[in-house]
Amino acid sequence: MSVLDSEMWPIVTLTLRVTATALVIASVVGIPVGVWLGLARFPGKRPLVALVYTGMSIPPVVVGLLVYMLLSRSGPLAFLEWLFTPTAMILAQTLMALPLITGLVMGAVAAVPADLVWQIRSLGATPWQVRWAVLREARVGVLFALLVAFGRIVSEVGAAYMVGGNIQGHTRVLSTAIMMETGKGNFALALALGGWLMALALSVNLAAMRLHGRSL
Amino acid sequence: MSGCINAPEKCITLATTTSTRDTGLLDELLPRFRAKTGIEVRVVAVGTGQALEIGRRGDADVLLTHDPVAEQRFLDEHQGTSRNELMTNDFVLVGPTNDPAKVHEATSGADAFSRIWQTQALFISRADESGTHQKEKATWLAAGIEPAGPWYIRTGQGMGAVLRMADEKGGYALADRGTFIAQRTGLNLAVLYSGDPDWINRYSVIAVNPQQHPHVKDVWAMEFITYLFSSEAQQIIAEYGRAKYGEPLFRASRWPLRNGH
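Residues numbered from 1 in each chain as written. Chains lettered and ligands numbered in written order. Predicted model: local features only at pLDDT ≥ 70, side-chain atom pairs only at ≥ 80, totals over all residues.

What about the overall build of chain B?
Part 1: Each helix and strand counted, chain B has 11 helices and 10 strands in total.
Part 2: Rg of the C-alpha trace for chain B: 19 Å, near the compact-globule value of 18 Å for 261 residues, within the 12% margin.
Part 3: Based on the C-alpha atoms only, the size of chain B along its principal axes is roughly 60 × 40 × 35 Å.
Part 4: For chain B, with 261 residues in total, the buried portion stands at 47%.
Part 5: Here the contacts in chain B between residues at least 6 apart in sequence split such that 74% fall between residues at least 24 apart. (Helix = DSSP H or I, 4+ residues; strand = E, 2+ residues; numbered from the N terminus. Rg over C-alpha atoms; globule rule 2.2 N^0.38 Å. Buried ≥ 20, exposed ≤ 12 C-beta atoms within 10 Å, placed from the backbone. Contact = placed C-beta atoms within 7 Å.)

Some points on unusual backbone geometry
Part 1: Note the cis peptide between Trp-255 of chain B and Pro-256 of chain B, where omega equals 0°.
Part 2: Along the chain, Pro-256 of chain B turns up in the segment after strand 10 (251-252).
Part 3: Despite not being glycine, Asn-166 of chain A shows a phi value in the positive range, around 55°.
Part 4: Owing to 23 C-beta atoms within 10 Å, Asn-166 of chain A belongs among the buried residues under this scheme.
Part 5: The phi dihedral of Ala-127 of chain B is positive, around 50°, even though this residue is not glycine.
Part 6: Examined against the element boundaries, Ala-127 of chain B turns out to sit in the loop between strand 5 (123-125) and helix 6 (131-143).

Some points on the interface of chain B and chain A
Many descriptions give the size of an interface as the accessible area lost when the pieces come together.
Part 1: Each partner contributes residues to the interface: chain B has 22 residues there, and chain A has 18 residues.
Part 2: Counting only elements with at least two residues in the side of chain B that touches chain A, the list comes to helix 1 (18-22), strand 2 (39-46) and helix 7 (159-169) of chain B.
Part 3: Ranked by residue count, the leading element in the side of chain B that touches chain A is strand 2 of chain B, at four residues.
Part 4: Partitioned by chemical class, the residues of the side of chain B that touches chain A number six nonpolar, 11 polar and five charged. (Nonpolar A, V, L, I, M, F, W, Y, C, P; charged D, E, K, R; others polar.)

Section: the domain arrangement of chain B
All names here are of chain B.
Part 1: For chain B, the assigned domains are domain 1 (10-88 + 202-252) and domain 2 (89-193).
Part 2: On a C-alpha basis, the centroid separation for the pair domain 1 and domain 2 is 27 Å.
Part 3: In this complex, domain 1 contributes 17 residues to the contact, which on the side of domain 2 involves 14 residues.
Part 4: Only helix 1 and helix 3 (48-56) provide two or more residues apiece to the side of domain 1 that touches domain 2. (Domains from an automatic or database assignment.)

Some details on the pairing of strand 1 (residues 10-17) of chain B
Walk down a regular strand and you will see the side chains alternate between the two sheet faces.
All names here are of chain B.
Part 1: Along strand 1, seven of the eight residues are buried, which leaves the element largely enclosed by surrounding structure.
Part 2: Pairing of strand 1 with strand 3 (residues 62-65) involves three bridges; the strand directions are parallel. Residue Ala-15 lies in a different strand from strand 3, and its bridge partner there is Leu-63. (Pairing = 2+ DSSP bridges.)

Listed below in structure tokens is the structure:
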């Protein structure tokens, strides 16, 4: 395999597909939960917040191990037949991105000035209109949350290797390929793959900045 | 995005040790097998301990591993239906060419290890419970030495990383010959001792037991195992590496074929 080989393309496209899918799922769940947690006041909020923040520092290998045990033939979700497939990798990456997005969105929403929230409420906005307005105010923070989550899961290797299996042409992504080539002593190829990963991250970040150009 | 199980094509999962993939041997065998039978073999390359655990949980159809003791335990648990030795190579002691511990004069693996201990020469250990590490521990035991001290470095890393560390620090390391030959370019290391009869590295194929794990595709798995012991595959194994590295990396267990097969 060389840097511009035909074998490289499936690895690059699978990396993007898995990470993008995981990011979308984690956003659909994590952004609303983060907004709700950032605004709501209820008993038991503190332990819940502590749980979310703790989830931000779970080692990826532990997430991989848990997902493996769930999806294994001897596990409770064996009937899904997801182990060693890209779907299993999406599940693991979603679980890693979820606490990050939730926690960072919560922080961004909580940082919106309280009198602004009060003002919106006093104008007669429904709770849903309040949440939407606050989310718009916190959009830079939300974008930042997505970029951090992207960075964490696209480069993650432990869980991807464990639940995907690094199978050639099937579940091999950039991060697992880098680890494998490093182990084989192919440092030049590993570095080239790392270059691809950096290029991917750079394009995503540039696109994000363009998207939110006015607010950054 | 389905796995092997509901994939439209015929497909089995092979859990194996990294050395069989990293040497490139499987890249020679699997495409030929697929061309013959239409069965795709999906390779999950991990440590031998993890490969056996994957088999124990029913997440692979065939295993190719190199730890006879752990494999026997696997069979004793009725997790596998058959175990056949596919190929061997040997473990070798590599080190800096000036050989400060004079291990090239050793008469056995244990003697070579004693010399390293006596001179307190640097030794880089895998320390990762791999097949190679098991053999290293058995050799220290045979030498009556409990390795400890600043000269004994426990890395917890793979073979490639250990070889490079031995190169950088001018230390000794136990390696399997196949990985060493495949990675020696650019390393200032040489095989300084080999030939201990206990230093044989045995790779065996195990079929995962369908009675324990009913979804296992045992028919295709057996087709694969039969192919691995065919004269075509055995010859490929016996010759593998000669063209690329100047010497074969493995010795095929059933080649040359006896009894006129």
